[in-house]
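Topology and contacts: notes
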Amino acid sequence: MPTKYYIIYIQIVFFLHLRYGQAQVLYDFTAEPGNGELTVKEGETITITNQSIGGGWIEARNSHGETGLVPEEYVEVSVCVSQSCVPISVCFLRSSWSLHSQTSNGNDPWTAWNSDTSKNLASVRNSWMSTDQEHPQAYQGHVTYNCRFPGFSKSGPELYLLAKMLPKGKEKISMGEVGPVWLYPEVQMECLVADPKKGSKMYGLKSYIEYQVTPSTTNRPVNHRYKHFDWLYERLLEKYGSAIPIPSLPDKQVTGRFDEDFIKLRMERLQSWMSRMCRHPIVSNSEVLQLFLNHQDEKDWKLGKRKAEKDETVGVMIFSQIEAEAPELGLDEVERKCESFSRFTKAMDDKVKDLLAVGHDHWKRCTGPLPKQYQKIAKAFQNLSTVFSSSGYQGESTLTDALTATGKTYEEIATIISEQPKKDLHFLVETNLEYKGILGCFPETITVHKAAIDKLKDADKLVATNKISPHDKPVMAKRVSNMSYALQAEMNHFHSNRIHDYNRVMQFYLEEQVKLYETIAGKLRAALQQYTTL
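Residues numbered from 1 in each chain as written. Predicted model: local features only at pLDDT ≥ 70, side-chain atom pairs only at ≥ 80, totals over all residues. Heavy atoms only, no water.

Per an unreviewed UniProt entry, the chain goes by the name Sorting nexin 9a and belongs to Scleropages formosus. We quote the UniProt Subcellular location (unreviewed entry) comment for the chain here in full: "Cytoplasmic vesicle membrane". As stated in UniProt under Sequence similarities (unreviewed entry), the record for the chain gives "Belongs to the sorting nexin family." (UniProt positions renumbered as here; feature names shortened; annotations may be inferred.)

See the structure below:
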């Protein structure tokens, strides 16, 4: 039988078996109540009753007659051909069927298969799961095919530089006035985090705070706990962290989680984090963020989470989804751009930390020593007024009243100064804390780019030692250029946001400072008018 029809035959047998047959459970799976799921144990045999559920799920029945949903990656079926049975996971042949149906006759991926079934299966496993151009190893024993690549690294650039048959990038980079830029949506999505409420579960034994999150695209609120934000952060970091800085969430806190001030500050920081994610044209359009903002119900949320957690395009492979509409860059220019961005982000990180240190010192001074100094001045004026009023001299009252009023003015100034940091310095500090988090992501991102540059520099040596083919070198150069365009687009996005954010926060800070000194000047002017002009 020709190879092409042989694999189709295997797939037909597989799907008939999948529809009506039994499967072996590979891993323990615990069902969540209310989701129609089925708890299964490793090694258990189940009967598949419906394989067309979709979303990575199948319907199955256990030996007790209980029916429910099971992740298709958690089971395998045995396909028997010519007295040879091979266990194959559901997602592998589903994927291979899709790949076969989309392939033209002139580019048939199955034509390299030989007549040895076991070696054929091993060949597919090696070609799908290996980043090297190694020869297929002989099939030994049962092989379980998973949809994930085992040992998938988030940082090794060779995974992207030497990957085969990359899909066409869906995230475009165009050339703007400042250089490479991401393509921005016509209307920027916004998001409101508000209305924190205390909830509980396990009959009130466990409490939590839930926030209402409302995207501008739907104006339909969804409720999320902090752990949901944390899950979103982890998914975004895993998927985009090699190309886009994903700043950390506000820290977790064990004690004082239900204090009003803590809840208010956490909500403010979650709002800032969500706003920054929504402002990024790539992140804001991601499936995982859209799931977070737009899921319909609990089942939709959990199914979406499981799908996101099985995403294979993570780490450096995110560059495979990015395409620059620009000529290829030379290695020298790529390296120069990378070094320039590295120097700038390091220098800015140092100065942001300096400003934070100064800001914290000033906050302490405004809420401690400085108000106390004004209170001492106030007390001194009032004490002097008390002494003057004891003289018994006629016409003394005007002066003593004025001194007393001056003392009260300085008490009011002390209170104003102690409360002022919350009105202006707070926002300046928060902005710099946010940028400290963003800048802290750049070293790892730039390390990925430098590693890719080093790989390209070693290309001739790798060709000479037969570790890559001569054809791989120009492919690597093109992909390193693509990575450089992504870095430049991200830096231009960063600079644009930086200029906007610091303009905004500095204007606000200085406006509040002007109000502060105008208020103080007004009070001092009123105190001045208490004194008689001689």
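Before going further, it helps to spend a moment on the sheet that holds strand β9 (residues 191-201). One open sheet accounts for three strands, arranged β9-β10-β11; its pairing is antiparallel. Each edge of the open sheet is held by one strand with a lone partner, namely β9 and β11 (222-225). Taking each pair of neighbouring strands and ignoring which way they run, the sheet shows an average axis angle of 35°. Where β9 lies against strand β10 (residues 206-215), nine bridges are found, and the strand directions are antiparallel. Bridge pairing links Lys 198 to Ile 209 in β10. (Pairing = 2+ DSSP bridges. Helix = DSSP H or I, 4+ residues; strand = E, 2+ residues; numbered from the N terminus. Axes fitted to C-alpha atoms, helices over the stretch in contact; angles between N-to-C directions.)

Evaluated as defined, the whole model comprises 14 aromatic pairs. With a centroid separation of 5.7 Å and 65° between ring planes, the pair formed by Tyr 435 and Phe 494 is classed as edge-to-face. A residue pair is termed long-range when its members are at least 10 positions apart, and Tyr 435 in helix α12 (residues 425-439) and Phe 494 in helix α15 (residues 472-528) qualify at 59 residues. Phe 494 shares its class with Tyr 435; the two are buried. In this structure an aromatic cluster arises from ring pairing among Tyr 211, Phe 229, Trp 231, Phe 292 and Trp 301. The ring of Phe 258 is capped by Lys 198, whose NZ or CZ atom sits 4.4 Å from the centre of that ring. Sitting above the plane of the Tyr 208 ring, Arg 225 keeps its charged end 4.1 Å from the centroid. (Phe/Tyr/Trp six-rings, centres within 6.5 Å; stacked < 30°, edge-to-face > 60°. Buried < 20%, exposed > 50% of the residue type's maximum accessible area, 1.4 Å probe, protein only. Lys NZ or Arg CZ within 6 Å of the ring centre and 35° of its normal.)

This next bit is on empty space enclosed by the protein. To locate leftover empty space, one rolls a probe as large as a water molecule over the atoms. Considering all chains together, one arrives at four cavities of 30 Å³ or more under this definition. Computed from the structure, the largest cavity encloses a volume of approximately 120 Å³. Lining the largest cavity are Ile 244, Pro 245, Pro 247, Arg 276, Met 277, His 280, Val 283, Ile 438, Glu 490, His 493, Phe 494 and Asn 497. Of all elements in the fold, only α6 (260-279) and α15 reach the threshold of two or more residues within the lining of the largest cavity. Looking at the lining of the largest cavity residue by residue, the classes come out as seven nonpolar, three polar and two charged. The residues that make up the lining of the largest cavity include at least three from each of domain 2 (106-155 + 327-534) and domain 3 (166-326). (1 Å grid on protein atoms, 1.4 Å probe; cavity = no way out; pocket = protein on both sides within 12 Å on 5 of 7 lines; lining within 4 Å. Points joined across faces, edges and corners; volume = space filled by probe spheres on them. Nonpolar A, V, L, I, M, F, W, Y, C, P; charged D, E, K, R; others polar. Domains from an automatic or database assignment.)

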